[in-house]
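Remarks on the overall topology
The lines below spell out each chain.
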Amino acid sequence: MKSYIDSFLEIIYPEKNTCFICETHDEAIGDKYICPDCKKKIKKLLPPLCAKCSKPMDYNSINNLCRECYNNKRYFEMCKAPYAYDGLIKKAIYIYKYYNKPYFYKFFGSCLVNYMKRNNYTNFDYIAAVPLHFSKMRKRGYNQSELLARNISQKLSIPYVDALKRSKKTLKQSEQNKEERRKNLNDAFTVKSPAKIITNKSILLVDDIYTTGATVNECSKTLIRYGAGRVFVITIAR
Ligand SMILES: [Zn+2]
Ligand SMILES: [Zn+2]
């Protein structure tokens, strides 16, 4: 049976045993979505990692925190990610977002669910997603983070909550420096009513990538301001 997301977006999938990433045919793919060659090329995030944002660390840290987390207020408890934002995963996320391939959520969703189970990172009241501004949503047709969040929600039986809304159009984050990013995101998000549902709840916030953390931090700040208890974050890569 088609899932809610599939029927809603009328997603067309690649043929069975076709690798989502390199599109070669390989009987070994089965229900894994990608071929063994691509799988080998994916770089996992390996410890030691920052206790807050999972940044790989190669120097002596203070309280197990990276410099950014030590010096800046983080409104989320922690951010976890299975992969390094590099090479094949970077390419796959790019394809997912910009090549009209919403079905990639199946592959990334299963990666995230497996990772969350392995790391006991599953104890949340709700799952929410970083929202897209409606103009971007209209252009792309789907919010890649929402598809992931809904998939994780369904697989782990944790309710999805459509909690956040982007209240202003922000400039492209990648074209700005750190200070500009922070300013650009100031009050960029708001909580959709009714906010009562999230009061004192623990929320897992889903995004595709973590770069400076400015976006998930601003979303976490908004959720906390509207009464959420604690916010945790997961991204595909960082
Ligand atoms: Zn492949
Ligand atoms: Zn950190």
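1. Some points on unusual backbone geometry
In this structure, proline 48 follows proline 47 across a cis peptide bond, with omega equal to 5°. Positionally, proline 48 belongs in the loop between α2 (36-41) and α3 (67-71). One non-glycine residue with positive phi stands out, namely glutamate 23, at about 65°. Among the structural elements, glutamate 23 can be located in the loop between α1 (4-9) and α2. Here the phi dihedral of asparagine 120 falls at roughly 50°; this positive angle occurs in a residue that is not glycine. Topologically, asparagine 120 is positioned in the loop between α5 (104-118) and β2 (126-129).

2. Topic: the sheet that holds strand β6 (residues 230-237)
Judged by pairing direction, the sheet is parallel, and its four strands sit side by side in the order β1-β6-β5-β2 without closing on themselves. Pairing within the sheet leaves two strands with one partner each, and these edge strands are β1 (79-80) and β2. Here β2 pairs with strand β5 (residues 202-209) via four bridges, running parallel. Counterpart to alanine 128 in the pairing with β5 is leucine 205. Its contacts with the sheet put α5 on β1, β5 and β6, and the angle it makes with β6 is roughly 125°.

3. Some points on the layout of surface pockets
The probe, sized like a water molecule, is rolled over the atoms to show the empty space still left. Quantified by volume, the second largest pocket comes out at close to 480 Å³. Along its surface, the second largest pocket is lined by 21 residues, and Asn72, Arg74, Arg182, Ala214 and Asn217 are the ones closest to its centre. Those elements that place two or more of their residues in the lining of the second largest pocket are α8 (178-185) and α9 (214-225). The greatest single-element share of the lining of the second largest pocket, amounting to five residues, is contributed by α8. When its residues are assigned to classes, the lining of the second largest pocket shows four nonpolar, six polar and eleven charged.

4. Description of the coordination of the zinc ion (ligand 2)
The protein atoms donating to the zinc ion (ligand 2) are Cys50 (SG), Cys53 (SG), Cys66 (SG) and Cys69 (SG), with metal-donor distances spanning 2.3 Å. Considering all four donor atoms around the zinc ion (ligand 2), the spread of angles at the metal, 104 to 114°, places the coordination shape in the tetrahedral class.

5. Some words on the pattern of salt bridges
Per the stated rule, a full pass over the model turns up eleven salt bridges. A salt bridge links glutamate 23 to lysine 101; the nearest nitrogen and oxygen atoms lie 3.5 Å apart. Taken together, the positions of glutamate 23 in the loop between α1 and α2 and lysine 101 in the loop between α4 (87-98) and α5 put the pair 78 residues apart, joining distant regions of the chain. A salt bridge links lysine 192 to aspartate 162; its shortest N-O distance comes to 2.7 Å. On the criterion of sequence distance, the pair formed by lysine 192 in the loop between β4 (189-191) and β5 and aspartate 162 in the loop between α7 (144-156) and β3 (164-166) is long-range, its members being 30 residues apart. By relative accessible area, lysine 192 is classed as partly exposed at 31%. For aspartate 162, a relative accessible area of 41% corresponds to the partly exposed category.

6. Some remarks on a nonpolar patch on the surface
Side chains of Tyr94, Tyr98 and Tyr99 sit close together on the surface and give an oily, nonpolar patch of about 360 Å² of accessible area. Relative to the helices and strands, tyrosine 98 resides in helix α4. Owing to a relative accessible area of 39%, tyrosine 98 belongs among the partly exposed residues under this scheme.

7. So, the coordination of the zinc ion (ligand 1)
The textbook angles at a metal center are 109.5 degrees for a tetrahedron of four donors and 90 or 180 degrees for an octahedron of six. Each protein donor to the zinc ion (ligand 1) is listed here as Cys19 (SG), Cys22 (SG), Cys35 (SG) and Cys38 (SG); together their distances run 2.3 Å. All donors of the zinc ion (ligand 1) come from a single chain, and their spacing in sequence reads C-x2-C-x12-C-x2-C. Separated by 13 residues along the polypeptide, cysteine 22 in the loop between α1 and α2 and cysteine 35 in the loop between α1 and α2 bring together distant segments of the chain. Accessibility expressed as a relative area gives 34% for cysteine 22, which makes it partly exposed.

8. Overview of the side chain of arginine 140
Locating arginine 140 in the fold gives a position in helix α6 (residues 134-140). Among buried Asp, Glu, Lys and Arg side chains, arginine 140 stands out as unpaired, with aspartate 208 the closest opposite charge at 5.8 Å. Apart from residues lying up to four places away in sequence, arginine 140 is in contact with Lys97, Tyr98, Asn100 and Leu132.

9. Comments concerning α4
For α4, which comprises twelve residues, the first-to-last C-alpha distance of 17 Å matches the rise-based estimate of 16 Å (1.5 Å per residue) to within 8%. Structurally, α4 contributes buried residues whose contacts are with α2, α5, α6, α7, β5 and β6. Positive backbone phi, approximately 50°, marks asparagine 100, located one or two places after α4.

How each quantity is defined
Residues numbered from 1 in each chain as written. Chains lettered and ligands numbered in written order. Predicted model: local features only at pLDDT ≥ 70, side-chain atom pairs only at ≥ 80, totals over all residues. Heavy atoms only, no water. Helix = DSSP H or I, 4+ residues; strand = E, 2+ residues; numbered from the N terminus. Pairing = 2+ DSSP bridges. Contact = heavy atoms within 4.5 Å. Axes fitted to C-alpha atoms, helices over the stretch in contact; angles between N-to-C directions. 1 Å grid on protein atoms, 1.4 Å probe; cavity = no way out; pocket = protein on both sides within 12 Å on 5 of 7 lines; lining within 4 Å. Points joined across faces, edges and corners; volume = space filled by probe spheres on them. Nonpolar A, V, L, I, M, F, W, Y, C, P; charged D, E, K, R; others polar. Donors = N, O, S within 2.8 Å, 3.2 Å for Na, K, Ca; no water. Tetrahedral: all angles 85-135°; square planar, octahedral: opposite > 155°, others 65-115°. Salt bridge = Lys/Arg side-chain N within 4 Å of Asp/Glu carboxyl O. Buried < 20%, exposed > 50% of the residue type's maximum accessible area, 1.4 Å probe, protein only. Patch = residues over 30% accessible without salt bridge, like charges linked within 9 Å, V, L, I, M, F, W, Y side chains within 5 Å. Areas by Shrake-Rupley, 256 points an atom, 1.4 Å probe, with all protein chains shown as cover. Lys, Arg positive; Asp, Glu negative; His and termini not counted. Expected span 1.5 Å × (residues − 1).

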